[in-house]
Amino acid sequence: SCVHPDRPEPLDLHLGMFLPTLLNQATPEQMERFFTPAWNLRIIGTYAQTEMGHGTHLRGLETTATFDPSTQEFVLHSPTISSIKWWPGGLGKTSNHAIVLAQLHTQGRCHGLHAFIVPIRDMDTHVPLPGVVVGDIGPKFGFSEVDNGFLKLEHVRIPLDNMLMKFAKVEPDGTYVKPPSAKLTYGMVFIRSMIVGQSALALAKSCTIAIRYSAVRHQSELRPGEPEPQILNYQTQQHKLFPVLAAAYAFTFVGQYMKDTYRRISGDIHAGDYSQLPELHALSAGLKAFTTWAANAAIEVCRMSCGGHGYSRSSALPDIYVEFTPTCTYEGENTVMMLQTASRYLVKSYRQASVGQRLQGSVSYLSEAAAQRLRPRPVSGGAAPLSTQDLLSLVHLYQRRAASLVELAAKSIQQELQRGRSQEEAWNHSSIDLVRASDAHCHFVVVKLFVDKLEQVDDAAVKAVLSTLALLYALKGLADNSGDFLQAGLLTVPQATRVSARIKELLEELRPDAVALVDAFDLNDRKLNSVLGRYDGNVYEHLYEWARQSPLNATEVHESFHKYLKPLRSRL
Ligand SMILES: CC/C=C\C/C=C\C/C=C\C/C=C\CCC(=O)SCCNC(=O)CCNC(=O)[C@H](O)C(C)(C)COP(=O)(O)OP(=O)(O)OC[C@H]1O[C@@H](n2cnc3c(N)ncnc32)[C@H](O)[C@@H]1OP(=O)(O)O
Ligand SMILES: Cc1cc2nc3c(=O)[nH]c(=O)nc-3n(C[C@H](O)[C@H](O)[C@H](O)COP(=O)(O)OP(=O)(O)OC[C@H]3O[C@@H](n4cnc5c(N)ncnc54)[C@H](O)[C@@H]3O)c2cc1C
């Protein structure tokens, strides 16, 4: 990032996971011994959890850490080919230490996954240490700046005090001391929370480039005989880009909320109050999946809306996509994260609400829904009147859609059980519904946070344009998921038609402010690194200059002419 901010780099894992994991899981003595040199880059670390055979299924990880009381050491070992650590960023050639997640064995018993600090390269020569086989996993879809690596441990010995022991402990005689909560060793909540903000940034960059370019690009004929219009005047171009713009603002507010929530709850956890950890886990897992899936798709919409030049690396959009898309996989594969939110939080909360429990936090609406189910249904049974102007009523609509889909998933599990399936099979045969429920829950959270944020805006003009964006975000989501709302009896076909009409009006309303709204992200040209997204709009001259700099243009006649073309001609 010294060359260009935001590009992935080999130190990302050191900064983004190695240091935070020490902060969360090291004892004061370990902080002294490891954090200080790591802060000064004497120690450079990575977070080695995933193995060739397992990434999602943590309980299936095979690397072992066996305590040897006779020498007061742990023996770290990769017992199978599938147990080789695979993927950790900066592992291949950069790191000299790794936080290795391994199954802890002591006194003949396995106590599950724990974190161990393992030196892997000599601090001076950087040569791999005895018993350590380490290297790069080879070229990837992107992330070419990062040496994602493999690590094979052959009975490597580390001191007892290299196990991160803030929560769980192993005594010198090998006695295992349980952590106050088994969930504390999972980690990853910090990065998942931060990734929500990364989704917002990726969206802001992409729509800034696409909307600015759409304001300078003139193409085709809108009215015969008139000059070619800005492509931003085409309704289809607005329909592609303005919902992305709205989502960029929505996710910016959600990213701030996620950061604040992480900070608040991790403070409680450090003070010994673990009660909010389930909400933090569910929220960070769900919102990480929801926002990265949405942003991933939206970056491609922005690229394709720029035509051929969008496919050029000069636009920066291919690089934004290639660098962003692994967020749907790493830090918890998105489907699995959505299932976590549904199975470990939403269905559990639904069942608590169904027996009258008053729920708090982001699922409090499930208590309202449970109470609603006990009240007699209105005879009409039809959808409530729909306002395409009133944001609070739209928040309520999203809330009811989420409640309906959580209930549908919970009932599916019940029906599968009644068919005689086992618990595990019943859950697996309901997992499509579970993912839909999580998606709807997260969508409600995003819409609600967007509308809540408007209450904090004092400037009338800013509040008006943000309200238009919030309306567009909510109505576009309603249109895109109209099946859910129709199925839940929350929308009628005439209402869906009105929603589409209102969306068109909002696109027109936003057109005059579109460029100002992306300028407001205040992403300078260096950060955007995009010829199409230049603040001065001077695209064509800089596109030509950018092409002229291409290495292929270093010579007028490329050597390939003499090496291949000319000899080929002579043989024909
Ligand atoms: C500023 C930084 C921003 C970015 C730029 C900088 C740097 C970038 C840095 C990093 C990004 C680059 C690389 C990515 C690094 C990685 O990918 S690290 C590896 C990531 N891997 C995963 O996330 C693994 C995913 N799998 C899992 O988490 C688990 O396998 C599972 C949760 C899916 C299932 O595990 P199980 O043990 O089976 O658990 P369970 O039975 O489902 O649940 C048991 C109870 O535990 C609770 N729980 C589960 N996970 C957590 C958690 N993380 N935190 C808290 N609680 C958790 C769960 O809710 C259950 O609770 P109950 O009360 O219901 O029992
Ligand atoms: C660029 C990049 C950087 C990475 N950096 C690191 C790092 O620094 N440190 C580290 O430890 N790891 C890292 N990883 C690994 C990453 O965390 C894993 O790839 C991720 O956790 C997914 O696990 P997996 O690859 O085993 O996929 P799998 O879990 O095998 O997923 C494959 C498919 O199976 C499905 N699936 C799996 N389990 C279930 C289930 N229970 N229910 C339903 N469907 C399921 C998934 O939805 C997915 O469609 C990185 C990965 C990438 C791409």
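Residues numbered from 1 in each chain as written. Chains lettered and ligands numbered in written order. Predicted model: local features only at pLDDT ≥ 70, side-chain atom pairs only at ≥ 80, totals over all residues. Heavy atoms only, no water.

1. Comments concerning the overall build of the protein
A tally of regular secondary structure across the protein gives 19 helices and 11 strands. Over its C-alpha atoms the protein spans a radius of gyration of 27 Å, differing by no more than 12% from the 25 Å that the globule rule assigns to 572 residues. Principal-axis analysis of the C-alpha atoms gives the protein an extent of 90 × 85 × 55 Å. In the protein, buried positions account for 50% of the 572 residues. (Helix = DSSP H or I, 4+ residues; strand = E, 2+ residues; numbered from the N terminus. Rg over C-alpha atoms; globule rule 2.2 N^0.38 Å. Buried < 20%, exposed > 50% of the residue type's maximum accessible area, 1.4 Å probe, protein only.)

2. What about the site of ligand 1?
Taken together, 28 residues surround ligand 1, and among them Thr56, Arg59, Lys183, Tyr186 and Lys348 come closest. Between Leu58 and ligand 1, the recorded distance is 3.4 Å, taken from a backbone N or O atom to an oxygen atom. In the environment of ligand 1, an oxygen atom lies 2.6 Å from a nitrogen or oxygen atom belonging to the side chain of Lys348. Contributions of two or more residues to the shell around ligand 1 are made by helix H1 (12–25), helix H3 (189–216), helix H5 (277–304) and helix H8 (334–354). Sort the elements by how many residues they give to the shell around ligand 1 and H3 lands first, with 5 residues. Both of domain 1 (11–173) and domain 2 (189–357 + 392–406 + 432–517) provide at least three residues apiece to the shell around ligand 1. (Near = heavy atom within 4 Å. Polar contact = N/O pair within 3.5 Å; in protein donor to acceptor, adjacent residues only side chain to side chain. Domains from an automatic or database assignment.)

3. Details of the pattern of salt bridges
Applying the stated rule across the entire model yields 24 salt bridges. Between Glu73 and Arg157 there is a salt bridge; the shortest N-O distance is 2.8 Å. Highlighted residues: Glu73 in strand S3 (residues 73–77) and Arg157 in strand S9 (residues 156–159), separated in sequence by 84 residues. In this structure, Glu509 and Arg502 form a salt bridge, with 3.3 Å as the shortest nitrogen-oxygen distance. Salt bridges sharing common partners tie together Arg7, Glu145, Arg313, Asp319 and Glu323. (Salt bridge = Lys/Arg side-chain N within 4 Å of Asp/Glu carboxyl O.)

4. What about the packing of H5 against helix H7 (residues 317–324)?
Interaxial distance between H5 and H7 falls to 9 Å at its minimum, and their mutual angle equals 160 degrees. Here H5 is positioned roughly antiparallel relative to H7, judged by the angle of their axes. As for the relative orientation of H5 and H7, their crossing is left-handed in sense. Across the interface between the two elements, Thr292, Ala295, Asn296, Ile299, Glu300, Cys302 and Arg303 of H5 pack against Leu317, Pro318, Ile320, Tyr321 and Phe324 of H7. Partitioned by chemical class, the residues of the contact of H5 with H7 number 8 nonpolar, 2 polar and 2 charged. (Axes fitted to C-alpha atoms, helices over the stretch in contact; angles between N-to-C directions. Parallel < 35°, antiparallel > 145°, perpendicular 65-115°, else oblique. Left-handed = near helix turned anticlockwise from the far one by under 90°. Contact = heavy atoms within 4.5 Å. Nonpolar A, V, L, I, M, F, W, Y, C, P; charged D, E, K, R; others polar.)

5. Considering the nonpolar core
Grouped together as the largest cluster of nonpolar side chains are 121 residues, with contacts concentrated most on Tyr473 and Leu478. If you tally residues by element for this core, the top one is helix H4 (residues 235–270), at 16 residues. Counting 25 residues, the second largest nonpolar core, distinct from the first, contains Leu76, Leu104, Val118 and Met163. (Core = buried A, V, L, I, M, F, W, Y, C linked by side-chain atoms within 4.5 Å.)

6. Looking at the site of ligand 2
Not every one of the 19 residues close to ligand 2 is listed here, only the nearest: Tyr47, Thr50, Gly55, Thr56 and Glu333. Between an oxygen atom of ligand 2 and a main-chain N or O atom of Gly55, the distance comes to 3.0 Å. In this structure, Glu333 approaches ligand 2 through a side-chain N or O atom, which is 2.6 Å from an oxygen atom. Out of a free accessible area of 960 Å², ligand 2 has 63% covered by protein chains. (Areas by Shrake-Rupley, 256 points an atom, 1.4 Å probe, with all protein chains shown as cover.)

7. Considering the packing of aromatic side chains
In this structure the tally under the stated criterion is 14 aromatic pairs. Between Phe74 and Phe116, the aromatic rings sit 5.0 Å apart at their centres with planes inclined by 70 degrees, giving edge-to-face as the arrangement. Highlighted residues: Phe74 in strand S3 and Phe116 in strand S6 (residues 109–119), separated in sequence by 42 residues. Residue class for Phe74 comes out buried when judged on its relative accessible area of 0%. Judged by its relative accessible area of 0%, Phe116 falls in the buried class. An angle of 75 degrees between the planes, with centres 6.5 Å apart, marks the rings of Phe251 and Tyr473 as edge-to-face. Of this pair, Phe251 sits in helix H4 while Tyr473 sits in helix H13 (residues 460–480), placing them 222 residues apart in sequence. Grouping residues by exposure puts Phe251 and Tyr473 together as buried. (Phe/Tyr/Trp six-rings, centres within 6.5 Å; stacked < 30°, edge-to-face > 60°.)

8. Describing the sheet that holds strand S7 (residues 132–136)
Pairing is antiparallel across the open sheet formed by 3 strands, whose spatial order is S4-S8-S7. Both edges of this open sheet fall to strand S4 (85–86) and S7, since each of them pairs with a single strand only. Relative to strand S8 (residues 149–153), S7 is paired through 5 bridges, and the arrangement is antiparallel. From the neighbouring strand, Gly135 faces S8, where its bridge partner is Phe150. (Pairing = 2+ DSSP bridges.)

9. Some remarks on H13
In a regular helix each residue adds 1.5 Å, so 21 residues correspond to 30 Å; H13 covers 30 Å between its end C-alpha atoms and thus fits that length. Its side-chain oxygen 2.9 Å from the backbone nitrogen of Ala461, Asp459 forms the N-cap of H13. (Expected span 1.5 Å × (residues − 1).)

10. Remarks on the confidence of the model for the protein
When pLDDT is averaged across the protein, the result is 95; 98% of the residues are at 70 or more. Overall fold confidence (pTM) sits at 0.96, and the ipTM for the predicted complex is 0.98. (pLDDT = per-residue confidence, 0-100.)

11. Concerning the UniProt feature "domain: Acyl-coenzyme A oxidase N-terminal" (unreviewed entry) in the protein
Sequence positions flagged by UniProt for "domain: Acyl-coenzyme A oxidase N-terminal" (unreviewed entry) are, in local numbering, residues 6–44. End C-alpha to end C-alpha, residues 6–44 measures 20 Å, and it is 67% helix and 0% strand. (UniProt positions renumbered as here; feature names shortened; annotations may be inferred.)

12. Considerations on the pairing of S9
Burial along S9 is one-sided: the face carrying Val156 and Ile158 is buried and the face carrying Arg157 and Pro159 is not. When S3 meets S9, the two strands line up antiparallel, connected through 4 bridges. Opposite Val75, over in S9, you have Arg157 as the bridge partner.

13. As for empty space enclosed by the protein
Considering all chains together, one arrives at 1 cavity of 30 Å³ or more under this definition. There is about 50 Å³ of room inside the largest cavity. Taken together, Gln25, Leu101, His114, Ala115, Met163, Leu164, Phe167, Ala168 and Thr185 form the lining of the largest cavity. (1 Å grid on protein atoms, 1.4 Å probe; cavity = no way out; pocket = protein on both sides within 12 Å on 5 of 7 lines; lining within 4 Å. Points joined across faces, edges and corners; volume = space filled by probe spheres on them.)

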